[in-house]
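Single-letter residue listing:
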Amino acid sequence: MNGLPITVRRTAVPSGLLLIAAAAAWIWVATRWGGMRAMPGTMGLGLPAFLAVWTLMMAAMMLPATAPVAALYARTITLRRTPRMVVFTVAYLLVWAAAGLPAYALAVGLGRAASLPTEVGTAAAAAVFAVSGVYQLTPLKDRCLARCRSPLGLMLRYASYPGRSRDLRAGAHHGAFCLGCCWSLMVLLAAFGLMNLWAMVVLAAVITAEKLVPAGRLVARAVGIASLALAVAVVWVPALAPGLTGGGMTGM
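Attention here is on the structure that accompanies the text. Computed from a predicted structure; not experimentally measured.

**Thoughts on the overall build of the chain**
Link 1 in the chain: Looking only at helices and strands, one finds eleven helices and zero strands in the chain.
Link 2 in the chain: The order of helices and strands in the chain, counted from the N terminus, is α-α-α-α-α-α-α-α-α-α-α.
Link 3 in the chain: For the chain, restricting intrachain contacts to residue pairs at least 6 apart in sequence, the fraction spanning at least 24 positions comes to 83%.
Link 4 in the chain: For the chain, the computed accessible surface area is about 11,700 Å², with 73% contributed by carbon and sulfur atoms.

Laid out in structure tokens, this is it:
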């Protein structure tokens, strides 16, 4: 019985560190970008700056939902738990940082579309909503979400990784499943505005609900249906996609 509190405390430290990192990222996003209007494209950022901002955004939005998996993975580590969990988390975020490259290309293309007549931006917004909604309803989304919701099978896989690269490989592997699960939600930021703080908060809540609440799969499907509905509604109400049509929605 005396060892139980120590075990709980040691396994709680990694998830606590992830939540602290996420909170720091949220504070940075809110104080640096929270008061600005939803802007199309890359917000005038070059690729290095865009990747830095993108990675901080992903840390804010993804780490809270990843904390339970991190705590579970920490139980498989007996020595040097905290530094090894840092490697796991960094590898996880590197996957999302790499996803910033196609995100940048998409933002550049959609930013140009937003500078064209409103009809072009509206069509781009409808396409973004439709792609996101369709993917939310696919078997691939279900498969990736199932792995994120029930990661015990992944833990057995990670335990078989040999050598010092285990934590790096495990973090990257789990990051890839999370990317497969959540990219369709992140792409919605192109429509709502990349640094639209309220959109980030709502999407982060959706991601957390999909992964952690009992009805997570239903949440995913509901969001997919809602995205398809937005693909139709934005044709009549372009302001639903301020990041592509110049609507009046602001970051705060």
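**Overview of the pattern of salt bridges**
Two side chains with opposite charge may pair up if their charged atoms get near one another.
Link 1 in the chain: Tallied over the full model, the rule gives four salt bridges.
Link 2 in the chain: The partner of Asp142 in a salt bridge is Arg217, with the nearest N and O atoms 3.5 Å apart. Of this pair, Asp142 sits in helix H5 (residues 139-149) while Arg217 sits in helix H10 (residues 216-236), placing them 75 residues apart in sequence.
Link 3 in the chain: When its relative accessible area of 14% is taken as the criterion, Asp142 is described as buried.
Link 4 in the chain: Arg217 gets classed as partly exposed once you look at its relative accessible area, which sits at 45%.
Link 5 in the chain: In this structure, Asp142 and Arg221 form a salt bridge, with 2.8 Å as the shortest nitrogen-oxygen distance. Of this pair, Asp142 sits in helix H5 while Arg221 sits in helix H10, and the two are 79 residues apart along the sequence.
Link 6 in the chain: When its relative accessible area of 30% is taken as the criterion, Arg221 is described as partly exposed.
Link 7 in the chain: Several salt bridges converge on common partners, so that one network encompasses Asp142, Arg217 and Arg221.

**Quick look at the side chain of Asp167**
Link 1 in the chain: Structurally, Asp167 can be placed in helix H7 (residues 166-186).
Link 2 in the chain: A relative accessible area of 5% means that Asp167 is categorised as buried.
Link 3 in the chain: The contact partners of Asp167, leaving out residues within four places of it in the chain, are Tyr73, Ile77, Arg84, Val87, Phe88 and Ala91.

**Side note on the nonpolar core**
Link 1 in the chain: Judged by nonpolar contacts, the single largest core of 73 residues is most densely connected at Met57, Trp96, Phe129, Met186 and Leu189.
Link 2 in the chain: When neighbours within four sequence positions are excluded, Leu189 is seen to be in contact with Met57, Met61, Leu194, Ala199, Met200 and Leu203.

**Quick word on H5**
Link 1 in the chain: Along H5, the positions that sit buried rather than exposed are Lys141, Asp142, Cys144, Leu145 and Cys148.
Link 2 in the chain: Tucked into the core, H5 has its buried residues touching helix H2 (47-74), helix H4 (118-136), H7, helix H9 (197-212) and H10.

**Here we look at unusual backbone geometry**
Link 1 in the chain: The residue Arg80 is not glycine, and still its phi comes out positive at about 50°.
Link 2 in the chain: With respect to the element layout, Arg80 can be found in the loop between H2 and helix H3 (81-115).

**So, the packing of aromatic side chains**
Link 1 in the chain: With the rule as written, the count across this model stands at seven aromatic pairs.
Link 2 in the chain: Among the aromatic residues, those joined into a ring-pair cluster are Tyr73, Phe88, Tyr158 and Tyr161.

Conventions and cut-offs
Residues numbered from 1 in each chain as written. Predicted model: local features only at pLDDT ≥ 70, side-chain atom pairs only at ≥ 80, totals over all residues. Heavy atoms only, no water. Helix = DSSP H or I, 4+ residues; strand = E, 2+ residues; numbered from the N terminus. Contact = heavy atoms within 4.5 Å. Areas by Shrake-Rupley, 256 points an atom, 1.4 Å probe, with all protein chains shown as cover. Salt bridge = Lys/Arg side-chain N within 4 Å of Asp/Glu carboxyl O. Buried < 20%, exposed > 50% of the residue type's maximum accessible area, 1.4 Å probe, protein only. Core = buried A, V, L, I, M, F, W, Y, C linked by side-chain atoms within 4.5 Å. Phe/Tyr/Trp six-rings, centres within 6.5 Å; stacked < 30°, edge-to-face > 60°.

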